[in-house]
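So the chains spell out like this:
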Amino acid sequence: VCLTPCGMSIYLLDTTLVMLVSTIICAYNYGRYVEEAIESVLSQGVTDHEVIVVDNASTDETPQVLARIKDPRLRILRLEQNLGIGGGLCVGLKEARGRFLSFLDADDRWRPGKLKRELTIMDSEPDAGMVFGDLVRFNDTGYYPATQFSFAPELREAASVPTKCGTGRRLTADCFATLVACLALPSWLQTMLIRSECLRGATFPADRRTCPDLYFCLRIWPHIQAAYIDEPTAELRRHGKNTTAIDVCRLERDVCETLREFDSEPSLSRGQTEALRRRIGRCCLGLGKSFLMERQVMPALKYYSSAIQYPTSRFKAILCLLAFPLLYVYWKYRG
């Protein structure tokens, strides 16, 4: 055990070793779920595997739950100060030694065989930098009927070919342009396996508590090829305290603002920039409508006005601004 200058207790192994896979789990006050999440990872049947659990200064039973799990593949990093999800993932990423990286939230779980299937694809597709799968959501009463691919139908319509191993498909079009076009952005870290060499220094923004996964993906998508498995490989738990369930408008806004950070990114190709700007325009229109439905006038006007600067959304944004008084009355009385 050692104590870092920032007060972080780390249980260290020989850091000169190189593992096949590093899985990072960031946990905060999920003692009732974290053991199940870890077990779903450890039971994947991969022995050359480290599971790094970042305990983000939990105040519940999380430390006690972690202490009773005895497996040499498990590494526990206890933070003395909560750094948020982005900061916690940064800590885990810096400690990871695997040639492949994967992630899981402490309240979610992997389906059996997830990791082996992805490793098989990576072995058969050496040019692929990332493999991801579908998601299914569940709660205490059962599974939700729709999967995440249901909300991202563009994925199944994108140009792709079967992988050489026969499991999954490999995207043949530009990865960044394809994925940012999806209605539901597939930045689902819980399903991903990523080659460490493809990160190019990408990390998580430590100063934000929402959308660090999307920011991370937008950093790596422009430079990689991707494959996917068209069935759920991970299960997301819904329990009422999920970040995505607390404030939908705020989440939509944070997604839009994260996308806009890349609007002038010099490393993007012309096609990637055009795809991104189309998506940002759609986001601004959607936010204008969302805030209008909530009868929040100024935010609605702000995002409708922002949509004008994106050519593919300009005409619709102008129409919405011209009809704004009527739209406001409509949503006011409908609400």
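Thresholds applied
- Residues numbered from 1 in each chain as written.
- Predicted model: local features only at pLDDT ≥ 70, side-chain atom pairs only at ≥ 80, totals over all residues.
- Heavy atoms only, no water.
- Helix = DSSP H or I, 4+ residues; strand = E, 2+ residues; numbered from the N terminus.
- Rg over C-alpha atoms; globule rule 2.2 N^0.38 Å.
- Contact = heavy atoms within 4.5 Å.
- Core = buried A, V, L, I, M, F, W, Y, C linked by side-chain atoms within 4.5 Å.
- Buried < 20%, exposed > 50% of the residue type's maximum accessible area, 1.4 Å probe, protein only.
- Salt bridge = Lys/Arg side-chain N within 4 Å of Asp/Glu carboxyl O.
- Pairing = 2+ DSSP bridges.
- Right-handed = clockwise from strand over helix to strand, strands pointing away.
- Polar contact = N/O pair within 3.5 Å; in protein donor to acceptor, adjacent residues only side chain to side chain.

Draft legend 1. Summary view of the overall build of the protein. Across its full length, the protein holds 14 helices and 13 strands. Relative to the globule expectation of 20 Å for 335 residues, the C-alpha radius of gyration of the protein, 21 Å, shows essentially globular dimensions. Along the longest, intermediate and shortest principal axes, the C-alpha atoms of the protein span 65 × 45 × 40 Å. Considering only residue pairs separated by 6 or more positions, the protein has 75% of its internal contacts joining residues 24 or more positions apart.

Draft legend 2. The nonpolar core, seen in detail. Ile38, Phe103, Met130, Phe132, Phe216 and Trp221 are the most contacted members of the largest nonpolar core, which has 105 residues in total. At nine residues, the largest contribution of residues to this core is made by helix H11 (residues 270-293). Excluding residues that lie within four positions of it along the chain, Phe103 makes contacts with Thr23, Ile24, Leu89, Trp110, Leu189, Gln190, Met192, Ile194, Phe204 and Phe216.

Draft legend 3. View of the pattern of salt bridges. The final tally for this structure, using the stated rule, is 21 salt bridges. Between Arg75 and Glu50 there is a salt bridge whose closest N-O contact spans 3.0 Å. Placement of Arg75 in strand E5 (residues 74-78) and of Glu50 in strand E4 (residues 49-55) is noted, with a sequence separation of 25 residues between them. With respect to class, Arg75 is no different from Glu50; both count as buried. The network of salt bridges with common partners includes Glu36, Arg109, Arg111, Glu235 and Arg237.

Draft legend 4. Region of interest: the pairing of strand E6 (residues 98-105). Summarising burial for E6: six of the eight residues are buried, a large majority. Two strands pair when backbone bridges link them, and strand E3 (residues 19-27) and E6 are joined in this way by seven bridges, in the parallel orientation. Across the sheet, Cys26 pairs through a bridge with Asp105, a residue of E6.

Draft legend 5. A look at the pairing of E3. Most of E3 is tucked away, with nine of its nine residues classed as buried. Of the pairings in the sheet, the one linking E3 to E4 comprises seven bridges and is parallel in character. Looking at E4, one finds that Ala27 is bridged to Asp55. Where the polypeptide runs from E3 across helix H1 (residues 34-42) and back to E4, its parallel neighbour, the crossover connection is right-handed.

Draft legend 6. Summary view of the side chain of Ser22. On the secondary structure map, Ser22 appears in strand E3. Judged by relative accessible area, which is 0%, Ser22 ranks as buried. Engagement of the side chain of Ser22 in a polar contact is seen with the backbone nitrogen of Gly98, the distance being 2.7 Å. Setting aside residues no more than four positions away along its own chain, Ser22 makes contact with Glu50, Ala96, Arg97, Gly98, Phe100, Leu101 and Ser102.

Draft legend 7. Quick peek at unusual backbone geometry. One non-glycine residue with positive phi stands out, namely Asn29, at about 55 degrees. Tracing the backbone shows Asn29 in the loop between E3 and H1.

All we've got here are geometric facts, nothing functional implied.
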